[in-house]
Amino acid sequence: MIKTLYVRVVLTFLAVIIIALLGATLLGGALFEQDLDDLQHNEMRTAAENIIRVYEEATVKDLDRFMGSIGPLTTYPIRVYDDTGQMKSYLGANRPDKFEIPPKLVQQVLSGEIYQANEKDDKVFVGFPFQFGEKPYAMFLLTSSKNEGMILSLFLTVLLLVLLIGSVCILFAAGYLVKPLKALTRATKRLAKGDFDVAVKVMRKDEIGALAQSFNEMAFELKQVETMRRDFVSNVSHEIQSPLTSISGFARALKNDKLVKEEQSRDRYLDIIVTESERLSRLSDNLLKLASLESEHHPFAASTFHLDEQLRQVAVACEPQWSAKHIQLDLRLPDAINITADADQLRQVWLNLLGNAIKFTPEGGQISIRLLEQRGTLTVAISDTGPGIAPEELSRIFDRFYKADRSRSSSGSGLGLAIVKKIVVLHQGDIEANSEAGRGTTMTVTLPSLPPLQ
Ligand code: ADP
């Protein structure tokens, strides 16, 4: 119970209030004690002066009766001493006071001096001399214990009220403080159970508000990651499932010799099995490449080489594919263009882009590769005369597993351009696809010729 934040906040607040009140009382008492004493002395002096004035103006015959009747008119207990040191107390409504005035002080006042207590005396009082029947008398006015008690009880009542009202306020205030934290705890538990729709509604602009805001952002990001993970798993499963179905189907047919009698059909079935196996192998290869590129510790082996030379080599490597389709390849590459980059990674970029261009360009079509150098930036544009990409699909072709037209590109896995994009971004470059359906596609890669900061 004591471990809950709510109880801790309430207890801390209460402790703070009590300490503050005690401290303020002690400090205030020490600071204002003298002022309070002075104030009381002044009031006492005025009261005593008034009594003496009334006494002098009235012709008093019976001192005892006079003092007895004047006593209840003032809140201060009165004591009268005669020249023998005999004391008479006139307390009025007040309780008897046990305080002893030192005889030395009584004598001092009897000799005609006005006395006012100072810090040496442990009580506030004043002494005034007067004459009655040619004899000296001393009149003392004292603070009554009743007055002091009243002030103390008033003060304590105020303290108690402060404590009481403060406690009630704190009970509500702590609830207000702790409420969003409770909501956050509940939301965190739901999040841990896999429920990502847990936006916490907090309108506050303070630290707790900021925490709730960060929590909501985190939940949103986690939801996206979870969606991506699910999509990824379903895409991978789908990409694996279709070649596996073909492989197992045709393998079964081959096993059942009666169905495949002709040599020709058997060869066709074996070709399909080989193609589908290669497709599976390419898929796992691409998945591994992408995972490796996305890992933080992916090696980046920068070296300086001629980019035009690399592009030429890639074109030569792909010759069997483009010449089989009677595609005309047009290379416009200036000589000796230096680039500092990871050569293997960049080779993969050109292989994927040229591979797509060849794949989507029809028999007898054209592909051109252009290289341009401008103020430290190298631009490689690979254009084809293929069917092009619809505008609404252009922004998505770099997503993993995205295939613009599934019927056309069933041989691909949709990972090629995702790998290209990742490598280009790692080189602090950019890739842009320009296309019009039916009029071909141009993939433009821009790269800095200097090595990127790793
Ligand atoms: P795939 O392995 O399926 O080719 P990519 O990531 O390389 O995957 O390409 C994604 C999609 O972009 C392809 O399925 C295709 O629809 C489209 N695409 C890429 N390059 C071209 C191109 N040169 N011409 C037309 N469509 C293209």
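Bear in mind that the values here come from a model prediction, so they are computed numbers and not experimental data.

A. Highlighting the overall build of the chain. Across its full length, the chain carries 11 helices and 12 strands. Across its three principal axes, the chain shows a C-alpha extent of roughly 155 × 60 × 35 Å. For the chain, the share of sequence-separated contacts (at least 6 apart) that also reach a separation of at least 24 residues comes to 66%. Here the chain displays about 27900 Å² of accessible surface, and carbon together with sulfur accounts for 59% of that area. Side chains of the chain carry 51 positive and 56 negative charges; the gap between the two charge centres is 9 Å.

B. The arrangement of the sheet that holds strand β5 (residues 135-142) in detail. Spatial ordering of the open sheet is given by β2-β1-β5-β4-β3, a layout of five strands whose pairing is antiparallel. Each edge of the sheet is formed by a strand with only one pairing partner; in this case those strands are β2 (87-90) and β3 (115-116). Pairing analysis gives four bridges linking strand β1 (residues 78-81) to β5, with the strands arranged antiparallel. Each bridged residue has a counterpart across the sheet, and for R79 the counterpart in β5 is F140. Of the strands in this sheet, β1, β3, β4 (125-132) and β5 are in contact with helix α1 (residues 5-57), which crosses β4 at around 10°. The sheet strands contacting helix α3 (residues 103-110) are β1, β3, β4 and β5, and the helix crosses β5 at an angle near 125°.

C. Region of interest: the site of the ligand. Around the ligand sit 20 residues in total, of which N356, K359, D384, A404 and L417 are the nearest. Side-chain polar atom of N356 to an oxygen atom of the ligand: 2.8 Å apart, as the coordinates give it. Protein contacts shield 97% of the accessible area of the ligand, which totals 530 Å² for the unbound molecule. Looking at the shell around the ligand, the elements that each hand over two or more residues are α9 (343-360), α11 (416-426) and β12 (441-448). Of the residues forming the shell around the ligand, the biggest block, three residues, is contributed by α9. Its residues placed into classes, the shell around the ligand shows eight nonpolar, eight polar and four charged.

D. Layout of the pattern of salt bridges. Scanning the entire structure with this criterion turns up 16 salt bridges. Of the charged contacts in the structure, one is a salt bridge between R229 and E226, with a shortest N-O distance of 2.9 Å. Taken together, the residues R229 and E226, both in helix α5 (residues 207-255) and three residues apart, mark about one turn of the helix. Note on R229: relative accessible area 45%, which makes it partly exposed. Across the salt bridge formed by R332 and D330, the nearest N and O atoms sit 3.0 Å from each other.

E. Broad picture of the sheet that holds β12. Taking strand neighbours across the sheet as the criterion, the five strands line up as β7-β9-β10-β12-β11 in an open arrangement whose pairing is mixed. Whereas interior strands pair on both sides, the edge strands pair on one side only; in this sheet they are β7 (328-332) and β11 (430-435). The average angle at which neighbouring strand axes cross in this sheet is 15°, direction not considered. Note: β11 against β12, six bridges, orientation antiparallel.

F. Representation of the pairing of β1 in the model. Of the two faces of β1, both are covered, the one formed by I78 and V80 as well as the one formed by R79 and Y81. Relative to β2, β1 runs antiparallel, the two sharing four bridges. Bridge pairing in β2 links V80 to K88. Linking two consecutive strands that pair antiparallel, namely β1 and β2, is a turn of five residues; a positive phi of about 90° is found at G85 within it.

Here is what the cut-offs are and how they apply
- Residues numbered from 1 in each chain as written.
- Predicted model: local features only at pLDDT ≥ 70, side-chain atom pairs only at ≥ 80, totals over all residues.
- Heavy atoms only, no water.
- Helix = DSSP H or I, 4+ residues; strand = E, 2+ residues; numbered from the N terminus.
- Contact = heavy atoms within 4.5 Å.
- Areas by Shrake-Rupley, 256 points an atom, 1.4 Å probe, with all protein chains shown as cover.
- Lys, Arg positive; Asp, Glu negative; His and termini not counted.
- Charge placed at Lys NZ, Arg CZ, Asp CG, Glu CD.
- Pairing = 2+ DSSP bridges.
- Axes fitted to C-alpha atoms, helices over the stretch in contact; angles between N-to-C directions.
- Near = heavy atom within 4 Å.
- Polar contact = N/O pair within 3.5 Å; in protein donor to acceptor, adjacent residues only side chain to side chain.
- Nonpolar A, V, L, I, M, F, W, Y, C, P; charged D, E, K, R; others polar.
- Salt bridge = Lys/Arg side-chain N within 4 Å of Asp/Glu carboxyl O.
- Buried < 20%, exposed > 50% of the residue type's maximum accessible area, 1.4 Å probe, protein only.

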